[in-house]
Number of protein chains: 2
Amino acid sequence: MGTTKTDLFTKEQNEIALMMKAIAHPARIAILQELLKINACVCGDLVNELGLAQATISQHLKELKSVGLIQGTIEGTSVCYCIDPVVWNEYRQVFTDFFMVMDNTNKCC
Amino acid sequence: MGTTKTDLFTKEQNEIALMMKAIAHPARIAILQELLKINACVCGDLVNELGLAQATISQHLKELKSVGLIQGTIEGTSVCYCIDPVVWNEYRQVFTDFFMVMDNTNKCC
DNA sequence: GAAATCAATCGTAATATTGCGATTGATGGG
DNA sequence: CCCATCAATCGCAATATTACGATTGATTTC
């Protein structure tokens, strides 16, 4: 118990869920927005910006990196993070498709 | 510990996170897709369709209802669930805005 | 009214997530 | 080489999520 029963659902359903989950945290949204704004970032800046501990932010960055949304390259002592535009656009497409299905005229109850 | 520190983030960031979280589960995605497809549904059908226990599906329906994405009206012994098109379109707009910010030409690292 | 049916709720167990202090590993400057 | 700095990782605690059996409450049917 306690684990999501992924075998009951389609590959697409599981993938969309994972994509949503990757972004479904205010800290990760803040990180993404920050990266979008200044178009490049080192982790230290994010620690100062967000107010969370360094270990916590590093963990959120790891999650975003694991789904490919961001990438980090070592830049001297610090690490430069930025959004991967290809993956970002894939996400946009998937989300757009998901919400586009709606035929909003019919409302049965 | 263990709790998300919502006070560190903007109202918008927390709201987007909650919206994503509401959908970030394959069962809830399956429910939404099913509701979109047949445009109306009773809970029993979903139990047969998804393979999860009745209590579990009822719980997922409750979560979707709590964010306003679906609404249920009592129809005899069963309950008729359907998507609220207004909230659905709000979600679409928020998600579209979130992903639209990208200026995908620049990639720093 | 009794039995049947459907969905919500309760209680509980298992697992996942969030957050942080402390440590580690790598790099640059002196 | 030694020290400072930055980010990743480890280990832990607190909380949240997921799932289900059992029960409850409402409604329909007989």
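Scroll up a little and you will see the structure.
All of the points below concern the structure found in this document. Since we're looking at a predicted model, the values are computed, not measured.

Focus: the relation of the copies chain A and chain B
Both copies of the chain are placed relative to one another by a rotation about an axis and a shift along it.
So, step 1. Between the two copies, chain A and chain B, the superposition gives an RMSD of 0.0 Å; the rotation angle is 180° and the shift along the axis is 0.0 Å. One copy is carried onto the other by what is essentially a two-fold rotation axis. Every residue of chain A has its C-alpha some distance from the rotation axis, and the shortest such distance is that of Met 20 of chain A, at 2.8 Å.
So, step 2. Here 100% of the contact residues of chain A are again contact residues in chain B; the copies associate through an equivalent surface.

Some thoughts on the interface of chain A and chain B
One frequent convention defines the size of an interface as the accessible area lost when the parts assemble.
So, step 1. Counting residues at the interface gives 48 residues for chain A and 48 residues for chain B.
So, step 2. For the chain A and chain B pair, buried surface summed over both sides reaches about 4,500 Å², with 74% attributable to carbon and sulfur atoms.
So, step 3. The interface formed by chain A and chain B holds zero salt bridges in total.
So, step 4. For the interface between chain A and chain B, the tally reads eight residue pairs in polar contact (both at pLDDT 80 or more).
So, step 5. Those elements that place two or more of their residues in the side of chain A that touches chain B are helix H1 (11–23), helix H2 (26–38), strand E2 (70–75), strand E3 (78–83) and helix H5 (85–100) of chain A.
So, step 6. Per-element tally for the side of chain A that touches chain B: the top contributor is H5 of chain A, with nine residues.
So, step 7. Residue composition of the side of chain A that touches chain B, grouped by class: 31 nonpolar, twelve polar and five charged.

As for the sheet that holds strand E3 (residues 78–83) of chain B
All names here are of chain B.
So, step 1. With respect to topology, three strands assemble into an open sheet ordered E1-E3-E2, the strand pairing being antiparallel. Looking at the sheet topology across the chains shown, the edges are occupied by strand E1 (41–42) and strand E2 (70–75).
So, step 2. Note that E1 and E3 share two bridges and pair antiparallel. Within the sheet, the bridge partner assigned to Val 42 lies in E3 and is Cys 80.

Focus on the protein's contact with DNA strand D
So, step 1. For DNA strand D, the set of nearby residues contains 32 residues, the closest of which are Lys 5, Gly 44, Gln 54, Ser 58 and Tyr 81 of chain A.
So, step 2. Considering DNA strand D, the proportion of its atoms within 4 Å of the protein that are sugar or phosphate atoms stands at 65%.
So, step 3. Separating a phosphate oxygen of DNA strand D from a side-chain N or O atom of Arg 28 of chain B is a distance of 3.3 Å.
So, step 4. Separating a phosphate oxygen of DNA strand D from a side-chain N or O atom of His 60 of chain B is a distance of 2.9 Å.
So, step 5. For the surface near DNA strand D, the secondary-structure elements that each account for two or more residues are helix H3 (43–50), helix H4 (54–66) and E3 of chain A together with helix H4 (54–66) of chain B.
So, step 6. Residue composition of the surface near DNA strand D, grouped by class: ten nonpolar, 16 polar and six charged.

Focus: H4 of chain A
An α-helix turns once every 3.6 residues. As a result, residues three or four positions apart point the same way.
All names here are of chain A.
So, step 1. Along its 13 residues, H4 runs 18 Å from first to last C-alpha, staying within 8% of the 18 Å computed at 1.5 Å per residue.
So, step 2. Ile 57, His 60, Leu 61 and Leu 64 are the residues of H4 that are buried. For H4, the angular spread of the buried residues around the axis is 100°, confining them to a single face. Projecting away from the buried face of H4 at angles above 90 degrees are the exposed residues Ala 55, Gln 59, Lys 62 and Ser 66.

Notes on the pattern of salt bridges
Residue and element names in this part refer to chain A.
So, step 1. Per the stated rule, a full pass over the model turns up four salt bridges over all chains.
So, step 2. The residue Lys 37 makes a salt bridge to Glu 34 at a minimum N-O spacing of 3.8 Å. Taken together, the positions of Lys 37 and Glu 34, both in helix H2 and three residues apart, correspond to about one turn of that helix.

Cut-offs and rules
Here the residue numbering is sequential within each chain, running from 1 through the sequence in written order. Think of it this way: whatever chain is written first is A, whatever ligand is written first is 1, and the rest follow in order. Local features are withheld for residues below a pLDDT of 70 in this predicted model, meaning they are given only at 70 or higher, and side-chain atom pairs are given and counted only at 80 or more; totals for whole chains, interfaces and linings count all residues. Hydrogens are left out, water is left out, and the side-chain values use all remaining heavy atoms of the structure. Copy-to-copy superposition: least squares on the C-alpha atoms, limited to residues that have pLDDT of at least 70 in both copies. Every residue pair with non-hydrogen atoms within 4.5 Å of one another is taken to be in contact. Accessible area that two parts lose when put together, with a 1.4 Å probe and added across both, is what the buried area reports. Each reported salt bridge corresponds to a side-chain nitrogen of Lys or Arg within 4 Å of a carboxyl oxygen of Asp or Glu. In the analysis that follows, any N or O atom pair within 3.5 Å is treated as a polar contact, provided that within protein one partner can donate a hydrogen and the other can accept it, and provided that, for residues neighboring in sequence, both atoms belong to side chains. Under the DSSP-based scheme used, a helix requires at least four consecutive residues in state H or I and a strand at least two consecutive residues in state E, with every element numbered from the N terminus. Three residue categories are used. Nonpolar comprises Ala, Val, Leu, Ile, Met, Phe, Trp, Tyr, Cys and Pro, charged comprises Asp, Glu, Lys and Arg, and polar comprises the others, including Gly. Criterion used throughout: strands pair if DSSP finds at least two bridges between them. Any residue with a heavy atom lying within 4 Å of a molecule or strand is counted as near it. Under the convention used throughout, the expected extent of a helix is 1.5 Å for every residue step, that is, one less than its residue count. Here's how the labels work: a residue is buried when its accessible area is under 20% of the maximum for its type, exposed when over 50%, partly exposed in between, all with a 1.4 Å probe on protein chains only. The arc under discussion is defined with respect to the helix axis, by the directions toward the C-beta atoms.

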